[in-house]
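Commentary on secondary and tertiary structure
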Amino acid sequence: MSTNGVHRRNGSMKGTGSQNNQPRPVAHFEIDHDLPDRSRVDGNGNGNDHGTDPDSLDHSSDSSNAAASSHNHIGMTSRRPNMSRKASSPMAPTFMVSAPGKVIVFGEHAVVHGKAALAAAISLRSYLLVTTLSKSHRTVTLNFRDLGLSHTWDIDTLPWSVFHHPSKKKFYYDLVTDLDPELVEAIQPHVDIVSKHLPEDQRKIHIRSASSFLYLFLSLGSPQSPGAIYTLRSTIPTGAGLGSSASVCVCLSAALLLQIRTLAGPHPDQPPEEAETQIERINRWAFVGEMCIHGNPSGVDNTVASGGKAVIFKRPDYLKPPVVIPVPQFPELPLLLVDTRQSRSTMTEVAKVGELKKAHPVVTESILNAIDQVTCSAQRLLETPDFVGDSDETLAHFGTLIRINHGFLVSLGVSHPRLERIRELVDYADMGWTKLTGAGGGGCAMTLLRPDVKPEVVRDLEQKLETEGFTKYETTLGGHGIGVLYPAVLRSGSDEEGGIEIDQQSFENAEGTEGIERLVGVGYNEQREGWKFWKRATH
Ligand SMILES: Nc1ncnc2c1ncn2[C@@H]1O[C@H](COP(=O)(O)OP(=O)(O)OP(=O)(O)O)[C@@H](O)[C@H]1O
Ligand SMILES: C[C@@](O)(CCO)CC(=O)[O-]
């Protein structure tokens, strides 16, 4: 049964749908929407479950349809089924993970140099559907729809021996602060074959995503990893400074850690400290993915995409984990987010500031310190005992800091004429305070709107922006971080017997942001039942 590209699921065993030219995923069956508690799992990253949870998903052994069909009789509700299930090693069901983009409110670039930044999650998100293949399919496919990237690797030909050499092997809980040049070299031949037919500038984008995936897959997986298709769609525009790469890396990290069964929860009643540990584990590997893409990231983007809401972030020592202070009182600011549609590379913009610092160390350091003071001033305001998020004073204080911060970013050389044009139009209309957000050099500007600004003035500005080729995004700040829909079935209160299954086909076919959000059950006509989120401790 199919309505609007989604399949009604009625509790019985069901195939996950077929895809064009793709290996057929095995049939799966519905067990329970709670993820098994994997806190007892051995830390070797190979999926060896030393625990006894019968719901565990053993990818390393047989997962035939016959095994699955034997579970058809179990039905959908048993949480503690008989041990024959363990012996038959059922296949992991199709599941989905999702992570948000971000805006940096204060402190981009300075944060790369150890200063503080304030950043918040946005409601635009990436969604990654993981479809496990039957045992006979020894391939992994990266199906990144927004980029038009689709590549399949043969699992058995990947350089496992290099990644698993005792001198190289990392564990799922390790803090990795640098890419290992030998590991980068080992994946190179497997990256070099990706999207050969494309012009170099487009291919570069594919190569970055593929490198990031392979580095994580080889670090966290094993030669026994099951074949799978990783299908990604995002509602975050790329190249806009809204952290799209970080949200992709967080999704990949979470999916791979879930596949090797090293994450506990998320459960609604999970102790915040335990949830924090899971977020941190996901975040650490997402940072590794970000290093493959951006070279020398601070880690602020992946930290916000992992834990969500708003944080003060600082990484004074790159060999240690960053300092992350959640800001639960961060207000719902009236923001206008405008995209210059001028694409740029975060790596290039970060490198520009590095060069400036080399050429003018004292001047550059004092600008970076001044940006740090801007962020600290915002932090002090947020921490005042009688802080009121929506007062005129708060908006004016934040507004002034936004204006100052943008001026410093201009001095660092990371603005762009198109960004300055947005600021000029907003200033001319006296509507609020504007700064670039993210790496700059193009990308997005954020404007904090004055409280008294008239709707017709906003409309007039929006008209002008549109005429000049800018794009406006609607988003809210401070949403959840990484979330899991396991299996990829949305429960609805009215549908006791099952839910709405998201399969490969319906996910690929969903149209635009609205289509994706409708399918996955967020945004318009919200239907989030089934989604679970790890929530940061806020003390
Ligand atoms: N939707 C996506 N699907 C797959 N890969 C993506 C996606 N978005 C970004 N990437 C990968 O991340 C790289 C950088 O993306 P992008 O230029 O959008 O940076 P960003 O993370 O949005 O910028 P910033 O760091 O300033 O917020 C791309 O070249 C691509 O490899
Ligand atoms: C420009 C930068 O500060 C923010 C990019 O979103 C880079 C980083 O922190 O890694």
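Residues numbered from 1 in each chain as written. Chains lettered and ligands numbered in written order. Predicted model: local features only at pLDDT ≥ 70, side-chain atom pairs only at ≥ 80, totals over all residues.

**Re the overall build of the protein chain**
Within the protein chain one finds 15 helices and 17 strands. Put simply, the protein chain has 539 residues, and 51% of those count as buried. For the protein chain, restricting intrachain contacts to residue pairs at least 6 apart in sequence, the fraction spanning at least 24 positions comes to 74%. (Helix = DSSP H or I, 4+ residues; strand = E, 2+ residues; numbered from the N terminus. Buried ≥ 20, exposed ≤ 12 C-beta atoms within 10 Å, placed from the backbone. Contact = placed C-beta atoms within 7 Å.)

**Here's the deal with the pairing of strand β12 (residues 444–449)**
With five of six residues buried, β12 is to be regarded as a mostly interior element. Pairing between strand β10 (residues 335–339) and β12: five bridges, direction antiparallel. Pairing of Val-338 across the sheet is with Ala-445, part of β12. Here strand β11 (residues 432–437) folds back onto β12 in antiparallel fashion, the turn holding six residues, of which Gly-438 has a positive phi close to 95°. (Pairing = 2+ DSSP bridges.)

**A closer look at helix α12 (residues 417–429)**
Side chains three or four residues apart in an α-helix point the same way, a direct result of the helix having 3.6 residues per turn. When the terminal C-alpha atoms of α12 are compared, their 18 Å separation across 13 residues agrees well with the 18 Å that a helix rising 1.5 Å per residue should span. Taken as a whole, α12 has its buried residues at Arg-418, Leu-419, Ile-422, Arg-423, Leu-425 and Val-426. What you see down the axis of α12 is that its buried residues fit within an arc of 160°, all on one side. Set apart from the buried face of α12 by more than 90 degrees, the exposed residues are Pro-417, Glu-424 and Tyr-428. The elements touched by buried residues of α12 are β10, α11 (392–412), β11, β12 and α13 (455–467). (Expected span 1.5 Å × (residues − 1). Arc of directions from axis to C-beta.)

**Comments concerning the site of ligand 2**
Residues in close proximity to ligand 2 total 15 residues, the closest being Glu-108, Pro-297, Ser-298, Gly-438 and Ala-439. Taken together, the elements giving at least two residues each to the shell around ligand 2 come down to α8 (300–307) and α9 (346–359). (Near = placed C-beta within 6 Å.)

**Comments concerning the packing of helix α4 (residues 181–192) against helix α5 (residues 200–220)**
Interaxial distance between α4 and α5 falls to 10 Å at its minimum, and their mutual angle equals 125°. Taken together, the axes of α4 and α5 are oblique relative to one another. Regarding α4 and α5, the two cross each other, and that crossing is right-handed. Across from Leu-183, Ile-187, His-190 and Val-191 in α4, the residues of α5 making contact are Ile-207, Ala-210, Ser-211, Leu-214, Tyr-215 and Leu-218. Taken together, the residues that form the contact of α4 with α5 break down as eight nonpolar, two polar and no charged. (Axes fitted to C-alpha atoms, helices over the stretch in contact; angles between N-to-C directions. Parallel < 35°, antiparallel > 145°, perpendicular 65-115°, else oblique. Left-handed = near helix turned anticlockwise from the far one by under 90°. Nonpolar A, V, L, I, M, F, W, Y, C, P; charged D, E, K, R; others polar.)

**Regarding the sheet that holds β11**
Taken in spatial order, the four strands line up as β11-β12-β10-β13 in an open sheet, and their pairing is antiparallel. Lying at the two open borders of the sheet, with one neighbouring strand each, are β11 and β13 (471–473). Each adjacent strand pair in this sheet contributes to an overall mean axis angle of 30°, direction not counted. Strand direction decides the pairing type here: β11 and β12, joined by six bridges, are antiparallel. When the bridges of β12 are listed, Thr-434 appears paired with Thr-447. Where α11 meets the sheet, it contacts β11 and β12, and its direction lies at approximately 45° from that of β11.

**A look at the packing of helix α10 (residues 361–383) against α11**
One way to put it is that α10 packs onto α11 with a least axis distance of 10 Å and a crossing angle of 165°. The angle between α10 and α11 falls in the class roughly antiparallel. When the axes of α10 and α11 are compared, the crossing they make is left-handed. Together, Ile-367, Ala-370, Ile-371, Val-374, Ser-377, Ala-378 and Leu-381 of α10 and Thr-394, His-397, Phe-398, Leu-401, Ile-404, Asn-405, Phe-408, Ser-411 and Leu-412 of α11 make up the contact between the two elements. Residues of the contact of α10 with α11, tallied by class, amount to eleven nonpolar, five polar and no charged.

**Side note on unusual backbone geometry**
Each neighbour pair has its own omega, and for Gly-265 with Pro-266 the value is 0°, a cis peptide bond. On the secondary structure map, Pro-266 appears in the loop between α6 (244–259) and α7 (272–294). Omega for the peptide link from Tyr-486 to Pro-487 comes to 0°, which places this bond in the cis form. One can find Pro-487 in the loop between β14 (483–485) and β15 (489–490). In this model, His-109 sits at a positive phi of 70°, which is unusual for a non-glycine residue. Within the fold, His-109 resides in the loop between β3 (95–106) and β4 (117–132). Phi at Lys-309 takes a positive value of approximately 50°, unusual for a residue other than glycine. Tracing the backbone shows Lys-309 in the loop between α8 and β8 (310–314).

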